[in-house]
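# Coordinate inspection notes
Each chain is listed here by its residues.
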Amino acid sequence: MKLFDVYPLYNVTPVSAKGIVVTDDKGQDYLDFYGGHAVISIGHTHPHYVQRLKDQLDKIGFYSNAVQNPLQVELAEKLGAASGCEDYNLFLCNSGAEANENALKMASFVTGKSKVIAFNNGFHGRTSAAVAATDNPSINAELNQQHEVVFLDLNDIKGFEREISKNVCAVIIEPIQGVGGLDEPTTAFIQQVASLCKENDALLIADEVQCGFGRSGKFFGFQHHNIQPDIISIAKGMGNGFPVGGVLIQENIKAKYGMLGTTFGGNHLACVATMAVLEVIEKENLIANAQELGVYFNERAKEIPQVKRVKGRGLMLGLEFDFQVADLRKKLIHEHFLFTGGAKDKTVLRILPALNITKQDLDVFFTALKTALS
């Protein structure tokens, strides 16, 4: 049997990793400034994380949601305290796509409506409703296109005012767009969106799959804008590589048995992985570090004349050039041994490192970038 060939792959085979250093099968070290799409939040094989998972494996790794799992309760309490979202309830699943799928389904359950407003260049996953709310025809099959979704430009308040009254169940928005290329709504726009959602009985879903868990310099990206979403979807950085996703649902939205469900979601290992991440984020003060290094990154980027602008916040960053960055990424990985990311906007180089990197790590990155650009 062969693999279903859907990924263009770099000719690199990692076999071990520690911190932001990834080592391949030839013994070559690479510095990871991409974290596998913002997944590695506390560094590869962080000792506290590894020990927590090992200890849990010695006890029990999995049982279904048909029985009590006190780890889920403990995780919900830790997550509420760390994020300031104690007035939400937590549903655990396995991925960002599942989180958004369940978030959209919840909005339809609650409102009795089916239309969704999403935004151009957004990305919400590859499951049925999540991919339908993703502005990329190449990943939408005919089946997905049966969902009723309207796409608007970010910050198009007139368009939003026009559409929000038309039987909308949910508005889904990334506080910082990931795959699209680090574009953001303005505070004025997202506050108006939140207000108009309430006026029109639509639920506001903050897609925090990529920008959550401290990456933006606050626990959640929406917290930069002083709003309160009805539903928050989370994944990527919450498990540091272990497949975990979740949906935070405001307490005024009532649960019913059978409304949502999952086999693997919230399993014992997933809970422990996420709690380990929360514990490291708190102990090492990583949200403040992300904020501080975001400022330092912007300062260093000013030294490079080819950079048109820096996009994003904290350690969810993009460098915009006036050329497509595919060849630059190849040069960085093959000549300077640095992992970076691309975006739907082909002129943006995405930087999504672990939240415990240092200024010295960024200095290495910028030295290599200057050389590659020269």
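Not measured: the values here are computed from a predicted model.

### Let's talk about helix H10 (residues 326-334)
- Looking at H10, one finds that the buried residues are Leu328, Arg329, Leu332 and Ile333. Buried residues in H10, looked at end-on, bunch into an arc of 130 degrees, giving them a common side.
- Turning to H10, the residues buried within the fold contact strand E3 (29-32), strand E13 (338-339), strand E14 (348-351) and helix H11 (359-373).

### Structural notes on the sheet that holds strand E9 (residues 231-234)
- Pairing in this open sheet of seven strands is mixed, and the strands run E4-E10-E9-E8-E7-E5-E6 from one edge to the other. Looking along the sheet, the strands with just one partner apiece sit at the ends: strand E4 (88-93) and strand E6 (149-152). Taking each pair of neighbouring strands and ignoring which way they run, the sheet shows an average axis angle of 20 degrees.
- In the sheet, strand E8 (residues 203-207) pairs with E9 via three bridges, with the strands oriented parallel. Each bridged residue has a counterpart across the sheet, and for Ile205 the counterpart in E9 is Ile231.

### Re unusual backbone geometry
- One non-glycine residue, Asn121, lies in the positive phi region at around 70 degrees.
- Positive phi outside glycine occurs at Lys236, with the angle close to 20 degrees.

### Digging into the pattern of salt bridges
- Considering all chains together, one arrives at 15 salt bridges under this definition.
- One salt bridge connects Asp363 with Arg300, and the closest N-O pair in it is separated by 2.5 Å. With Asp363 in helix H11 and Arg300 in helix H9 (residues 286-301), this pair connects stretches of sequence that are 63 residues apart.
- With a shortest N-O distance of 3.8 Å, Glu320 and Lys308 are connected by a salt bridge. You can see Glu320 sitting in strand E12 (residues 316-320) and its partner Lys308 sitting in the loop between H9 and strand E11 (309-313), a full twelve residues away along the chain.

### So, the sheet that holds strand E2 (residues 21-24)
- The four strands are arranged E1-E2-E3-E13 in an open sheet whose pairing can be described as mixed. Each edge of the open sheet is held by one strand with a lone partner, namely strand E1 (14-18) and E13.
- For E1 and E2, the ladder comprises four bridges, and the chain directions are antiparallel. Bridge assignment links Ala17 to a residue of E2, and that residue is Val22.

### Some thoughts on the environment of Gln228
- Inspection of the secondary structure puts Gln228 in the loop between E8 and E9.
- The class of Gln228 is partly exposed, set by a relative accessible area of 35%.
- Distance from Gln228 to Glu292, taken between C-alpha atoms, is 25 Å for residues 64 residues apart in sequence.
- Apart from residues no more than four positions distant in its own chain, Gln228 is found in contact with Asp87, Tyr88, Lys198 and Gln250.
- Within the structure, the side chain of Gln228 is placed 3.2 Å from the side chain of Tyr88, a separation counted as a polar contact.

### Notes on a nonpolar patch on the surface
- On the surface, a nonpolar cluster with roughly 480 Å² of combined accessible area is contributed by Ile60, Phe62, Tyr63, Val67 and Phe264.
- With respect to the helices and strands, Val67 occurs in the loop between helix H2 (47-57) and helix H3 (70-83).
- Under the relative-accessibility criterion, Val67 is labelled partly exposed at 43%.

### A short note on the domain arrangement of the chain
- By the assigned domains, the chain splits into domain 1 (14-46 + 285-373) and domain 2 (47-284).
- Here the C-alpha centre of domain 2 lies 25 Å away from the C-alpha centre of domain 1.
- Taken together, the contacts link 33 residues of domain 1 with 37 residues of domain 2.
- Across the interface of domain 1 and domain 2, roughly 2900 Å² is buried in total on both sides, 56% from carbon and sulfur atoms.
- Seen at the junction of domain 1 and domain 2, the total is three salt bridges.
- Between Asp135 and Lys344 there is a salt bridge, with the nearest N and O atoms lying 3.3 Å from each other.
- The set of elements that each furnish at least two residues to the side of domain 1 that touches domain 2 consists of helix H1 (35-38), H9, E11, E12 and E14.
- Among the residues making up the side of domain 1 that touches domain 2, the classes are represented as 16 nonpolar, eleven polar and six charged.

### Focus on the pairing of strand E7 (residues 168-173)
- With six of its six residues buried, E7 lies for the most part within the structure.
- In this sheet, E7 lies alongside strand E5 (residues 115-119) in parallel orientation, the contact comprising three bridges. Bridge pairing links Val116 to Ala170 in E7.
- Relative to E8, E7 runs parallel, the two being bridged by four bridges.

### Let's talk about the environment of Ser165
- Examined against the element boundaries, Ser165 turns out to sit in the loop between helix H6 (157-163) and E7.
- For Ser165 and Gln306, which are 141 residues apart along the polypeptide, the C-alpha to C-alpha distance reads 44 Å.

Parameters at a glance
Residues numbered from 1 in each chain as written. Predicted model: local features only at pLDDT ≥ 70, side-chain atom pairs only at ≥ 80, totals over all residues. Heavy atoms only, no water. Buried < 20%, exposed > 50% of the residue type's maximum accessible area, 1.4 Å probe, protein only. Helix = DSSP H or I, 4+ residues; strand = E, 2+ residues; numbered from the N terminus. Arc of directions from axis to C-beta. Contact = heavy atoms within 4.5 Å. Pairing = 2+ DSSP bridges. Axes fitted to C-alpha atoms, helices over the stretch in contact; angles between N-to-C directions. Salt bridge = Lys/Arg side-chain N within 4 Å of Asp/Glu carboxyl O. Polar contact = N/O pair within 3.5 Å; in protein donor to acceptor, adjacent residues only side chain to side chain. Patch = residues over 30% accessible without salt bridge, like charges linked within 9 Å, V, L, I, M, F, W, Y side chains within 5 Å. Areas by Shrake-Rupley, 256 points an atom, 1.4 Å probe, with all protein chains shown as cover. Domains from an automatic or database assignment. Buried area = accessible area lost by both parts, 1.4 Å probe. Nonpolar A, V, L, I, M, F, W, Y, C, P; charged D, E, K, R; others polar.

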